[in-house]
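# Chain and residue survey
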Amino acid sequence: MADERIRRQLAFLAAQMMYLRTETEYFTAKRKAAKQLGVEYRHRPGDLPSNKEIRDQIQAMARIHEGPKRLEHLRDMRLDALRLMRLLARFRPRLIGSVRTGHVRKGSDIDIHIFCDSQALVTDTLDELGLQYDVEHKRIIKYGEERTFTHIHIHDNHNYELTLYPEDKVHYVFKSSITGKAIERASIAELEALLREEDPELNLEAEVERLEDHIDRFALFRILLEPLEGVKQSPKYHPEGDALYHSLQVFELARDERPYDEEFLLAALLHDVGKAIDPSDHVGTALEALEGSISERTAWLIEHHMEAQAYRDGTLGHRARIRLQASEYFDDLLLLHELDRRGRVQGAFVCELDEALDYIRGMNSDDAFDP
């Protein structure tokens, strides 16, 4: 492959996959990009773009699509990383990855190395802090050698990935898969210095305290949605299965119809969250649990989504029909009902819950609703 133009196309396609989060690994994205362009990568792998070339393309996409907000988001992520690292100080945390280097994009996690010989000690600490997390043991085979990495995914103000290493690795020099050089990382003190260097007027302690008091609404949404997986529904009305699967189907349909409408997408995703709390009054329970975290329009759509069924069936009383029809959100309600009815298909493709939440979070959420 002598054509440099094809190499640039490969880098662009691979970057696009990773920016849109359809792929998360550089190698897989390169391989799929090569296949898409009909390039035979097996014989000349050196002709494929480097990880750095792809990362540069990803950052160009982030600058174009996210603008100045990307830098504000980076600062918030670094502050939140500092907050969590202070809580986990006993494990000598080191911030790495895009939040350390500044190469964040929509959906980026906060990546932190921690050092402890006992996984149980770490998870006990997370339990004491009241943090929600999942543990993943990831098996990697590289250069014929098999290794297993322990990742702890925390879902709080942001998504964090902690990688657990033995204590004797705290001074080990980890190499970057992008540059081949030692990775950039920051201790608590180094991160504090970086934040003050970038903004000398920043009141660091006040900002960290603000984050400690702040409850991220997407963390709340996750807490409410995850239990729906255990809510089994009547096969007569919901042949698709559990309530989370149904909710994700409705979200997918809503994303096809209104990919730009955050409030409507949230109504589609959250309309049944009350079923895991009080099935006898799932609408009222949902509104109580979501109070202060959703807009008036989203709340109205959730509040009346059951009445829309009666409206369509012709069983809703005259006054209630007039009241619904008078709302500026009436057409939205009928669409939500239609998607709710269609989102009951066995075996339908749905995204993961994380992807749904990340998609909505990335829609300039602060502009759409400020709780």
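Fair warning: this is a prediction, and the values are worked out from it, not measured in the lab. (Residues numbered from 1 in each chain as written. Predicted model: local features only at pLDDT ≥ 70, side-chain atom pairs only at ≥ 80, totals over all residues. Heavy atoms only, no water.)

### Topic: the overall build of the chain
Which entries qualify depends on this criterion: In this description a helix means any DSSP run of H or I spanning at least four residues, a strand means any run of E spanning at least two, and both kinds are numbered starting from the N terminus. Relative accessibility thresholds used throughout: buried, under 20% of the residue-type maximum; exposed, over 50%; partly exposed, between the two (1.4 Å probe, protein chains only). A 1.4 Å probe and the Shrake-Rupley method give the accessible areas. Residues count as covered only by the protein chains that appear here.
Check the secondary structure of the chain and you find 17 helices and five strands. A burial count over the chain gives 49% of its 371 residues as buried. With the model as given, the accessible surface of the chain reaches about 19600 Å², and the carbon-plus-sulfur share is 48%.

### Observations regarding the confidence of the model for the chain
Keep this limit in mind: On a range of 0 to 100, pLDDT expresses the predictor's confidence in each residue.
Residues at a pLDDT of 70 or more form 88% of the chain, whose mean pLDDT is 85. Across the chain, the secondary-structure element scoring lowest on mean pLDDT is helix H17 (residues 365-368), at 44, and the one scoring highest is helix H11 (residues 262-270), at 96.

### Looking at the pattern of salt bridges
Just so we agree on the cut-off: In what follows, salt bridge is the name for a side-chain nitrogen of Lys or Arg lying within 4 Å of a carboxyl oxygen of Asp or Glu.
Under the defined criterion, the tally for this structure stands at 23 salt bridges. Put simply, Arg-139 and Glu-146 hold a salt bridge, and the shortest N to O gap is 2.9 Å. According to the relative accessible area criterion, Arg-139 is exposed, its value standing at 54%. The exposure class of Glu-146 is partly exposed, given its relative accessible area of 45%. Measuring nitrogen to oxygen at the nearest pair gives 2.6 Å for the salt bridge that ties Arg-217 to Glu-262.

### Digging into the pairing of strand E2 (residues 110-115)
The test is simple: One requirement defines pairing of two strands: DSSP has to find at least two bridges between them.
Of all six residues in E2, six are buried; the element is thus mostly enclosed. Neither face of E2 is open: one carries Ile-110, Ile-112 and Ile-114, the other Asp-111, His-113 and Phe-115, and all of them are buried. Bridge count between strand E1 (residues 94-96) and E2: three bridges; the pairing is antiparallel. When the sheet's bridge partners are listed, Ile-96 is paired in E2 with Asp-111.

### Observations regarding the environment of Ala-276
As a reminder of what qualifies: The contact rule is simple, with two residues in contact once any of their heavy atoms fall within 4.5 Å.
By the element assignment, Ala-276 lies in the loop between H11 and helix H12 (282-290). With 33 residues separating them in the primary sequence, Ala-276 and Ala-243 have C-alpha atoms 8.6 Å apart. Not counting chain neighbours up to four residues away, the residues in contact with Ala-276 comprise Pro-227, Leu-228 and Val-231.

### Re the packing of helix H10 (residues 243-257) against H11
Stated precisely, the cut-off is as follows: Think of each axis as a best-fit line through the C-alpha atoms, taken over the contacting stretch in the case of a helix, with angles from 0 to 180 degrees between the N-to-C directions. If an angle is under 35 degrees, it is roughly parallel; if it is over 145, roughly antiparallel; if it lies from 65 to 115, roughly perpendicular; otherwise it is oblique. Helix crossings fall into two classes, left-handed where the near helix is turned counterclockwise from the far one by less than a right angle and right-handed where it is turned clockwise. Three classes are used, and their members are as follows: Ala, Val, Leu, Ile, Met, Phe, Trp, Tyr, Cys and Pro are nonpolar, Asp, Glu, Lys and Arg are charged, and the others, Gly among them, are polar.
Contact geometry of H10 with H11 gives a least axis separation of 7 Å together with a crossing angle of 160 degrees. Relative to H11, the element H10 is oriented roughly antiparallel. Note that H10 runs across H11; the crossing there is right-handed. Listed contacts from H11 to Ser-247, Leu-248, Val-250, Phe-251, Ala-254 and Arg-255 of H10 are Phe-264, Leu-265, Ala-268 and Leu-269. Of the residues assigned to the contact of H10 with H11, the class counts are eight nonpolar, one polar and one charged.

### Observations regarding helix H13 (residues 296-313)
For the record, the criterion: Here a helix's expected span is defined as the number of its residues, less one, multiplied by 1.5 Å. The reported bend at a residue is simply the angle between two axes, fitted to the 7 residues ending at it and to the 7 residues beginning with it.
Helix length check: H13, at 18 residues, gives a terminal C-alpha distance of 26 Å against a target of 26 Å (1.5 Å per residue), a fit within 8%. At His-305, H13 shows its maximal kink, close to 50 degrees. Immediately beyond the C-terminal end of H13, within one or two residues, lies Gly-314, with a positive phi of roughly 80 degrees.

### A word on the pairing of strand E5 (residues 159-165)
Of all seven residues in E5, seven are buried, a share of seventy percent or more. Looking at chain direction, E2 and E5 are connected through six bridges and run parallel. From the neighbouring strand, Ile-110 faces E5, where its bridge partner is Tyr-160. In this structure, strand E4 (residues 145-155) lies alongside E5, joined through six bridges in antiparallel fashion. Bridge pairing in E5 places Ile-154 opposite Tyr-160. The turn joining E4 and E5, which pair antiparallel and follow one another in sequence, is formed by three residues.

### Thoughts on the environment of Asp-56
Here Asp-56 is to be found in helix H3 (residues 51-66). The sequence separation of Asp-56 and His-103 amounts to 47 residues, and the corresponding C-alpha distance is 8.8 Å.

### Considering the side chain of Arg-255
The cut-off we apply is this: Nitrogen and oxygen atoms within 3.5 Å of one another constitute a polar contact, given that in protein one can donate a hydrogen and the other can accept it, and given that sequence-neighbouring residues count only through two side-chain atoms.
You can see Arg-255 is positioned in helix H10. Classification of Arg-255 by relative accessible area gives buried; the value is 14%. A polar contact is formed between the side chain of Arg-255 and the side chain of Glu-252, at a distance of 3.2 Å.

### A look at the packing of H11 against H13
Relative orientation of the contacting elements H11 and H13 amounts to 35 degrees, with a least axis distance of 9 Å. Taken as a pair, H11 and H13 cross one another with a handedness that is right-handed. When H11 is examined against H13, the residues Glu-263, Phe-264, Leu-266, Ala-267 and Leu-270 are found in contact with a partner set consisting of Arg-297, Thr-298, Leu-301 and Ile-302. Residue composition of the contact of H11 with H13, grouped by class: six nonpolar, one polar and two charged.

### Concerning the nonpolar core
The condition is simple: Throughout this description, the term nonpolar core refers to a set of buried Ala, Val, Leu, Ile, Met, Phe, Trp, Tyr and Cys residues connected via side-chain atoms within 4.5 Å.
By size, the foremost hydrophobic cluster in this structure holds 48 residues, and its most contacted members are Phe-221, Leu-225, Leu-269, Leu-270, Val-273, Leu-290 and Leu-301. Taken together, the elements giving at least two residues each to this core come down to helix H9 (217-225), H10, H11, H12, H13, helix H14 (318-326), helix H15 (330-342) and helix H16 (353-361). Among the elements that line this core, the one with the most residues is H10, at eight residues. Among all residues touching Leu-301, those that are not within four sequence positions of it are Phe-264, Ala-267, Tyr-329, Asp-332, Leu-333 and Leu-336. Ranked by size, the runner-up nonpolar core spans 33 residues in total, among them Ile-112, Leu-131, Ala-186 and Ile-188.

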